[in-house]
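These are the residues of each chain, in order.
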Amino acid sequence: MNEHAPIGIFDSGLGGLTVFEEVRKLLPQENLVYIADSAFAPYGDKDSTTIAQRAWLLADFLTQTQDVKALVVACNTASAAAILALRERLDIPVVAMEPAIKPAVDVTDTGVVGVLATENTLKSDKFSSLLDTHQHRARIMVQPCFGLVEAIEKGAMNLESTRQLVLKYVQPMLEEGADTIVLGCTHYPLLEPVIRKLVGEQVHIISTGAAVAKRLQNQLDAKGILNRQAELGKESFWTSGEQGYVSDMASLLCQREMVFKSLPETHETIIVEFTLEKKQHRLFQALLQGEDGLAFVRCVHGVQQLWTTSSQIDALKDWLKCLSKSFNLCIVQEYVWTGE
Ligand code: DGL
């Protein structure tokens, strides 16, 4: 693996820039590629299959076209939905996010910790096992924060309506004696000044960006692929959303110019519809799972679909050809979906 290759970082939108900036600070020589998947934000209210598909497509773009040497999933929600599949499929270091419950439990004096996160993060198996590990040491109150990601994506951090929303979420925690608040979504550090004003100086507010940057550094170092070039690393920014708007918002939030490009059209999802006898579905799915990263099966309005990316379509077709006889699998139609 080439140490000069970039590091890929993605999020549903602008929140992951809080992680990006920590990585930039700790590893100034690294080349970085960031994707804001703004056309699909927020992830917090999407079903986990959709989030896993998005994560896979973005990871595919980063590995196939940008040749990244490591991936940072700068999104708690996507980490919860997709990290196992990503780690299975990719042969590069993949660093994920999770709400910083351990440091919070270590630091609390009152023994009450509040966690703010998206609903999907909080209801994930990954979060349940994190809770199980730590909840004997403190009372952990969790709060899904509907509306906060949308407010941040609109740059509405300082609106009274946003302040009211944050108040609604943190007040019950403070009333129960919480002295530590975990920001379990990478968007929320962008609201830290608002949260700080509401909770006061004595409450610990914990986010994860710096720790993730450190973990990334350790993993690159362990693999001998830290970039030790003399000059500062390059940066590029991509989005599935409206690039002018995303560039303006990102530049505003990070207080420096960030120019986003549109994710290229060649990065499409190719959908193949097929029919298969019902009793064969499970076997087919099991075989497909063995084919790392080839495609997903999705049932849309009762129609079985295989979703893959342009870079995998030939391999998928070869695989289907081999299977079609024994499975009596019939390709009904094939088309390209670009996200609209
Ligand atoms: N920034 C994300 C997270 O850390 C995603 C939020 C969303 O899109 O709902 O969870």
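Everything that follows concerns the structure shown earlier in this document.
Notes on the structure in this doc start here. The structure presented is a predicted model; accordingly, all values stated were derived computationally and were not measured. (Residues numbered from 1 in each chain as written. Predicted model: local features only at pLDDT ≥ 70, side-chain atom pairs only at ≥ 80, totals over all residues. Heavy atoms only, no water.)

Concerning the site of the ligand
Around the ligand sit 13 residues, and of these Ser12, Tyr43, Gly44, Thr77 and His187 come closest. One of the backbone nitrogen or oxygen atoms of Asn76 is found 2.8 Å away from an oxygen atom of the ligand. Isolated, the ligand exposes 300 Å² of accessible area, and the fraction of that covered by the protein chains is 99%. For the shell around the ligand, a count of residues per class yields 5 nonpolar, 7 polar and 1 charged. (Near = heavy atom within 4 Å. Polar contact = N/O pair within 3.5 Å; in protein donor to acceptor, adjacent residues only side chain to side chain. Areas by Shrake-Rupley, 256 points an atom, 1.4 Å probe, with all protein chains shown as cover. Nonpolar A, V, L, I, M, F, W, Y, C, P; charged D, E, K, R; others polar.)

Some points on the sheet that holds strand 3 (residues 70-73)
Pairing is parallel in the open sheet, where 6 strands are placed in the order 4-3-1-2-9-10. The open sheet terminates on both sides in strands that have one partner only, identified here as strand 4 (94-95) and strand 10 (260-262). Both strand 1 (residues 7-11) and strand 3 contribute to a ladder of 4 bridges, which runs parallel. Looking at the pairing, Ile7 lines up with Ala70 of strand 3. On the sheet, helix 3 (residues 76-89) packs against strand 1, strand 3 and strand 4 and is oriented at approximately 155° with respect to strand 3. (Pairing = 2+ DSSP bridges. Helix = DSSP H or I, 4+ residues; strand = E, 2+ residues; numbered from the N terminus. Contact = heavy atoms within 4.5 Å. Axes fitted to C-alpha atoms, helices over the stretch in contact; angles between N-to-C directions.)

Comments concerning the packing of aromatic side chains
The final tally for this structure, using the stated rule, is 6 aromatic pairs. When the ring of Phe61 is compared with that of Trp238, the centres are 5.3 Å apart and the planes differ by 70°; the resulting orientation is edge-to-face. Residue Phe61 is located in helix 2 (residues 48-64), and its partner Trp238 is located in strand 9 (residues 235-239); the two are separated by 177 residues in the primary sequence. Phe61 gets classed as buried once you look at its relative accessible area, which sits at 1%. Put simply, the rings of Phe20, Tyr34, Phe237 and Phe260 touch in pairs and so form one group of aromatic residues. Over the ring of Phe40 we find Arg54; its NZ or CZ atom is 3.6 Å from the centre of that ring. (Phe/Tyr/Trp six-rings, centres within 6.5 Å; stacked < 30°, edge-to-face > 60°. Buried < 20%, exposed > 50% of the residue type's maximum accessible area, 1.4 Å probe, protein only. Lys NZ or Arg CZ within 6 Å of the ring centre and 35° of its normal.)

Description of the pairing of strand 2 (residues 32-36)
Residues in a regular strand project their side chains so that they alternate between the two faces of the sheet. Within strand 2, 5 of the 5 residues are buried, which leaves it mostly tucked inside the rest of the structure. Residues Leu32, Tyr34 and Ala36 point to one face of strand 2 and Val33 and Ile35 to the other, with burial holding for every one of them. With 5 bridges joining them, strand 1 and strand 2 adopt parallel strand pairing. Residue pairing for strand 2: Ile9 is matched across the bridge by Tyr34. Crossover strand 1 to strand 2 through helix 1 (residues 17-26) is right-handed. (Right-handed = clockwise from strand over helix to strand, strands pointing away.)

What about the side chain of Asn31?
Mapping Asn31 onto the fold places it in the loop between helix 1 and strand 2. Polar side-chain contacts of Asn31 include one of 2.7 Å to the backbone nitrogen of Lys234. Discounting chain neighbours no more than four positions away, the residues touching Asn31 are His4, Pro6, Ile7, Asn227, Gln229, Gly233 and Lys234.

Things to note about the packing of helix 8 (residues 160-175) against helix 9 (residues 192-199)
The interhelical angle for the contact between helix 8 and helix 9, taken along N-to-C directions, is 45°, at an axis separation of 10 Å. Comparing the axis directions of helix 8 and helix 9 gives the class oblique. Relative to helix 9, the crossing made by helix 8 is right-handed. Contact residues: Arg163, Val166, Leu167, Val170 and Leu174 in helix 8; Val194, Ile195, Leu198 and Val199 in helix 9. (Parallel < 35°, antiparallel > 145°, perpendicular 65-115°, else oblique. Left-handed = near helix turned anticlockwise from the far one by under 90°.)

Some remarks on the nonpolar core
Ile9, Leu17, Val72, Leu116, Tyr188 and Leu216 are the most contacted members of the largest nonpolar core, which totals 55 residues. At 5 residues, helix 11 (residues 243-254) tops the list of elements feeding residues into this core. The contacts of Leu216, once residues within four sequence positions are left out, are Ile7, Val23, Leu27, Ala70, Val72 and Val95. Counting 26 residues, the second largest nonpolar core, distinct from the first, contains Ile51, Val68, Leu90 and Trp238. (Core = buried A, V, L, I, M, F, W, Y, C linked by side-chain atoms within 4.5 Å.)

A word on the sheet that holds strand 8 (residues 204-206)
The strand order 6-5-7-8 describes an open sheet built from 4 strands, whose pairing is parallel. Each edge of the open sheet is held by one strand with a lone partner, namely strand 6 (139-144) and strand 8. Ignoring strand direction, the axes of neighbouring strands in this sheet form an average angle of 20°. With 4 bridges connecting them, strand 5 (residues 112-117) and strand 7 (residues 180-183) associate as parallel partners. By the bridge assignment, Gly114 is partnered in strand 7 with Ile181. Contacting strand 5, strand 6 and strand 7, helix 8 crosses the sheet at an angle of about 165° to strand 6.

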